[in-house]
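Residue-level listing of the chains:
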Amino acid sequence: YFSFHERNPIPLGGGETVLRAVGFLLLISPGIRALSWERAQEQFRYWKKTGGFLAPLTMPAWPKRLLLWQLLIIYLTSLWDKLLGNMWWWGTAVLVPFHHPHFARFSPETMNMFTSLAPTIVYSTLIFEGMWALLLIPKSFYKKIPFIRYAHIRRLMLFLGLCFHGGIFVMMNVGSFFFAMMSAYAGMPEGEDILWARRTFNWRWKGRIDVFFDGQCGFCTRSAFWLEMMDWLQRIRLVNFQNPVVRKKFASDIPYENLDRSMHIRFPSGRILKGFDAFRALTWHMPPTWPIAPFLYFPGI
C-alpha cells in the first residue's frame, strides 16, 4: 500500500501522509473494536436483556503512546524547520499562503483584512508547536507542582490544537490535513478526560430528562437504545411506560393513550414535550446530534 501510495507523489500533501500514518496506528490498536458494528450489536443485546451496558473495553497503552509520538514528531520537527528560515523569525510567514491563489480560501481583499494579525499568528504558531514538548515531561514531575497535572497539559494542548487546526481550515485550503489531524486527536483523550468534559458541560445541569418509550415496540426499543448510546453527558433516563409500576412512578399524570400515541419527555423542571418537539429538544443534550439540531427549526422539517 505504501508503494502504491507513493507511486505518484505529485498530488500528495501532508494531510495524506499524516492520515496514512495515523490510520495505520488506529488499525493496529486493539481498542478500535469498541467502534465496530459488531460491538454495537453486542451492546444492544446486553442492554435489552439487562438495561445496562457492557464493561468498557481496555487495550494496551502502546498504540496511544505511538500516536502521541506521531503528534510530537509532526509539531516539533515542524517547529525546527520553521526556525531554520527567516520568515518565521520576522513574523511574515503566513502572508504568503494568505495571498496564494491555491491556499487562500477567500478573496485577496478579504485576506488583506487579516494582514495586521500575521505576526501574532506566526509567533502563536511557534509557541503552540513548542508547547507540545511539555508532554515529554514525566507525569511524576507534575505531581510536584501545585495545581498543575499532566492531564491539564494534555487537555490544554488538545484544546489549542482544535483552535489552531480549525483556524487553518477556515482560512486556508489545505486539503485533507485538517481531517487527518482531527483523526489523530480523536485517539488522544483518556477516560479521565471524558469524565472531566462531562462534568464541565454539566456543571449547571441538575437531574435527568425522562424519556418515555414503548418497551413492547421493536422500533421504539431500538430508538431508545441509540438515544442512550448518544447520551454522552448522561442527562437522559429511559422510562418504559409499558411497565405499570414504572409508569405509575414516573408518568402517573400522563394518560396511557397519550404515551402510546407519541414519545413524551419530561425535563427536571417538570416541563413536558411530545413528538417531534421532544426529539428536537433532546438533540441539544446529545453531542452526536448537535450538528443537526439547528436544522430542525427550519420550516417544514
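Procedures and definitions
- Residues numbered from 1 in each chain as written.
- Predicted model: local features only at pLDDT ≥ 70, side-chain atom pairs only at ≥ 80, totals over all residues.
- Heavy atoms only, no water.
- Salt bridge = Lys/Arg side-chain N within 4 Å of Asp/Glu carboxyl O.
- Buried < 20%, exposed > 50% of the residue type's maximum accessible area, 1.4 Å probe, protein only.
- Helix = DSSP H or I, 4+ residues; strand = E, 2+ residues; numbered from the N terminus.
- Pairing = 2+ DSSP bridges.
- Axes fitted to C-alpha atoms, helices over the stretch in contact; angles between N-to-C directions.
- Contact = heavy atoms within 4.5 Å.
- Core = buried A, V, L, I, M, F, W, Y, C linked by side-chain atoms within 4.5 Å.
- Phe/Tyr/Trp six-rings, centres within 6.5 Å; stacked < 30°, edge-to-face > 60°.
- Lys NZ or Arg CZ within 6 Å of the ring centre and 35° of its normal.

The next point concerns the pattern of salt bridges. Applying the stated criterion across every chain yields a total of 10 salt bridges. Residue arginine 33 pairs with glutamate 38 through a salt bridge whose shortest N-O separation is 4.0 Å. For arginine 33, a relative accessible area of 31% corresponds to the partly exposed category. Aspartate 193 serves as the salt-bridge partner of arginine 155, at 2.7 Å between the closest nitrogen and oxygen. With arginine 155 in helix 10 (residues 150–171) and aspartate 193 in helix 12 (residues 191–201), the pair connects residues that are 38 residues apart, well separated along the chain. One exposure class covers both arginine 155 and aspartate 193, and it is buried.

Spatial ordering of the open sheet is given by 2-1-3-4, a layout of four strands whose pairing is mixed. Unpaired on one side and paired on the other, strand 2 (236–240) and strand 4 (272–274) mark the two borders of the sheet. The sheet shows a mean angle of 25° between the axes of neighbouring strands, taken without regard to direction. Pairing of strand 1 (residues 209–213) with strand 2 involves five bridges; the strand directions are parallel. If you follow phenylalanine 212 over to strand 2, its bridge partner there is valine 239. Packed onto the sheet, helix 13 (residues 218–229) meets strand 1 and strand 2 and runs at close to 160° relative to strand 1. Packing against the sheet, helix 16 (residues 275–283) makes contact with strand 1, strand 2, strand 3 (264–266) and strand 4, and its axis sits at approximately 110° to strand 4.

The biggest cluster of nonpolar side chains holds 27 residues, and the ones touching the most others in it are Leu71, Trp132, Met181 and Tyr185. Elements with a minimum of two residues in this core: helix 2 (14–27), helix 4 (62–83), helix 10 and helix 11 (177–186). No other element matches helix 11, which puts seven residues into this core. Beyond its immediate sequence surroundings of up to four residues, methionine 181 is in contact with Val18, Leu71, Ile74, Tyr75 and His165. Within the second largest apolar cluster, 11 residues are counted, among which are Ile209, Val211, Leu273 and Met286.

Here we take up the packing of aromatic side chains. Per the counting criterion, the structure on display carries 20 aromatic pairs. Between phenylalanine 44 and phenylalanine 225, the ring centres sit 5.1 Å apart and the planes meet at 75°, which makes this aromatic pair edge-to-face. Taken together, the residues phenylalanine 44 in helix 3 (residues 37–50) and phenylalanine 225 in helix 13 connect sequence positions 181 residues apart. For phenylalanine 225, a relative accessible area of 1% corresponds to the buried category. Both rings, one in phenylalanine 241 and one in tyrosine 256, keep their centres 5.8 Å apart while their planes meet at 70°; by these two values the pair is edge-to-face. Residue phenylalanine 241 is found in the loop between strand 2 and helix 14 (244–250), and its partner tyrosine 256 is found in helix 15 (residues 256–261); the two are separated by 15 residues along the sequence. Members of the aromatic cluster, connected to one another through ring pairs, are Trp37, Phe44, Trp47, Phe53, Phe225 and Trp226. Above the face of the phenylalanine 169 ring, arginine 105 is positioned so that its terminal group lies 5.0 Å from the ring centre.

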